[in-house]
Each structure stands twice: as C-alpha cells, then as structure tokens.
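As a plain string of letters, each chain reads:
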Amino acid sequence: MSTNANTSTPTTGIAQAPTGRKSQTPSLLKLPGLIAISLYMLLLSGVTVVSVMNHRAGALYLVFSVCFIAGALGLLLLLRWAWALTLAAVALLSGSFLWGFSIQHSYPSLVQGLLNLLFFLYLVRSDVREKLR
C-alpha cells in the first residue's frame, strides 16, 4: 500500500474506474414495457397472418404484418426508427379500435383500443426516448 503524492488517500496499486461516467450501453432490461410491447406486436402480426391464411383479410394485410415484425424486433434492439414505427402502429390501432367501439359498441374493441393507448403513452415517455439509439 502506497500513498499518492497528490492526495492523502492510500492506493493499493489497482486501477480505479473513472467515476461520474454513466454506462454508455442502454439495457433493455431497464425498460420491461418495451419487451411487452414487442411481444404484443409479434402477436398482432401472427393474428394478421392467420387471418390472411383463413381468407378473412386480403393479402395486402401482410404488409402490416411485416411492419409489425420489423417494429417489434427493432424495438428489442432499441432502435429509434423501430420506436417511431411502433408508435405509429399503436396510435393508429388505438384510433381504429376506439372508432370501432363507437360504431359497433363492441367491448373487445374498447379493451384493445385502451391497451394500445396505454402502449402509446408508455412509448412517448422521455426516459424511453432517451434510451433509444
């Protein structure tokens, strides 16, 4: 154990990590809501593919499925373009489901609309936006 000439604190010869620096790599585990939203988007893409396969929707709906998958996987990688894609998707889906509830008075549409609205409000939080690359 030796004493540094500049300070009166003893040092042990082990290099100390610089203090005051934050970790530069954002962690997905700090934002568990992004994982849930990504799983939801993957579920929506699966439902879309099944509805196209059962001829309940046109083949053009597969474009939405691809966008949902791209947004979900990009969101797991904390990419800003995927955040924007997912944000647009949940905003449009929320409006669509809430409009469907106002026309048809279907309670599952109300639940899905409010769930998408909740996801939208989570995605626009400043701490979520700060973690994206």
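Above this text you will find the structure in question.
Presented here is an overview of the structure given in this document. (Residues numbered from 1 in each chain as written. Predicted model: local features only at pLDDT ≥ 70, side-chain atom pairs only at ≥ 80, totals over all residues. Heavy atoms only, no water.)

### So, a nonpolar patch on the surface
A cluster of nonpolar side chains, Leu-39, Leu-42, Ile-69, Leu-73 and Leu-76, forms an exposed patch at the surface whose accessible area comes to about 390 Å². The dominant element in the nonpolar patch, judged by the number of residues it contributes, is helix α2 (residues 62-76), at 3 residues. Leu-39 gets classed as exposed once you look at its relative accessible area, which sits at 55%. (Patch = residues over 30% accessible without salt bridge, like charges linked within 9 Å, V, L, I, M, F, W, Y side chains within 5 Å. Areas by Shrake-Rupley, 256 points an atom, 1.4 Å probe, with all protein chains shown as cover. Salt bridge = Lys/Arg side-chain N within 4 Å of Asp/Glu carboxyl O. Helix = DSSP H or I, 4+ residues; strand = E, 2+ residues; numbered from the N terminus. Buried < 20%, exposed > 50% of the residue type's maximum accessible area, 1.4 Å probe, protein only.)

### What to know about the pattern of salt bridges
Oppositely charged side chains are able to pair whenever their charged atoms sit close together. Inspection of every chain in the model, using the stated rule, returns 1 salt bridge. Close ionic contact of Arg-125 with Asp-127 constitutes a salt bridge, the shortest N to O distance being 2.5 Å. Given a relative accessible area of 29%, Asp-127 falls into the partly exposed group.

### Things to note about the nonpolar core
Leu-34, Ile-37, Met-41 and Leu-123 are the most contacted members of the largest nonpolar core, which has 22 residues in total. Broken down by element, this core gets its largest block of residues, 6 residues, from helix α3 (residues 80-104). When neighbours within four sequence positions are excluded, Leu-123 is seen to be in contact with Leu-34, Ile-37, Leu-75, Trp-83, Thr-86, Leu-87, Val-90, Val-128 and Arg-129. (Core = buried A, V, L, I, M, F, W, Y, C linked by side-chain atoms within 4.5 Å. Contact = heavy atoms within 4.5 Å.)

### Things to note about the packing of helix α1 (residues 32-53) against helix α4 (residues 107-123)
Here α1 crosses α4 at 140°, and the two axes come no closer than 11 Å. The angle between α1 and α4 places the two elements in the oblique class. As for how α1 packs across α4, the hand of that crossing is left-handed. Here Pro-32, Gly-33, Leu-34, Ile-37 and Tyr-40 of α1 come into contact with α4, specifically with Leu-115, Asn-116, Phe-119, Tyr-122 and Leu-123. Class assignment of the residues belonging to the contact of α1 with α4 gives a composition of 8 nonpolar, 2 polar and no charged. (Axes fitted to C-alpha atoms, helices over the stretch in contact; angles between N-to-C directions. Parallel < 35°, antiparallel > 145°, perpendicular 65-115°, else oblique. Left-handed = near helix turned anticlockwise from the far one by under 90°. Nonpolar A, V, L, I, M, F, W, Y, C, P; charged D, E, K, R; others polar.)

### Focus: α1
Taking 1.5 Å per residue as the helical rise, α1 with its 22 residues ought to reach 32 Å, and the 32 Å between its terminal C-alpha atoms agrees with that figure. Buried residues of α1: Gly-33, Leu-34, Ile-37, Ser-38, Tyr-40, Met-41, Leu-44, Ser-45, Thr-48, Ser-51 and Val-52, and no others. The arc that holds every buried residue of α1, seen down its axis, measures 160°, which confines them to one face. Opposite the packed face of α1, turned more than 90 degrees from it, sit the exposed residues Pro-32, Leu-39, Leu-43 and Met-53. (Expected span 1.5 Å × (residues − 1). Arc of directions from axis to C-beta.)

Any functional reading would require information that these geometric values do not contain.
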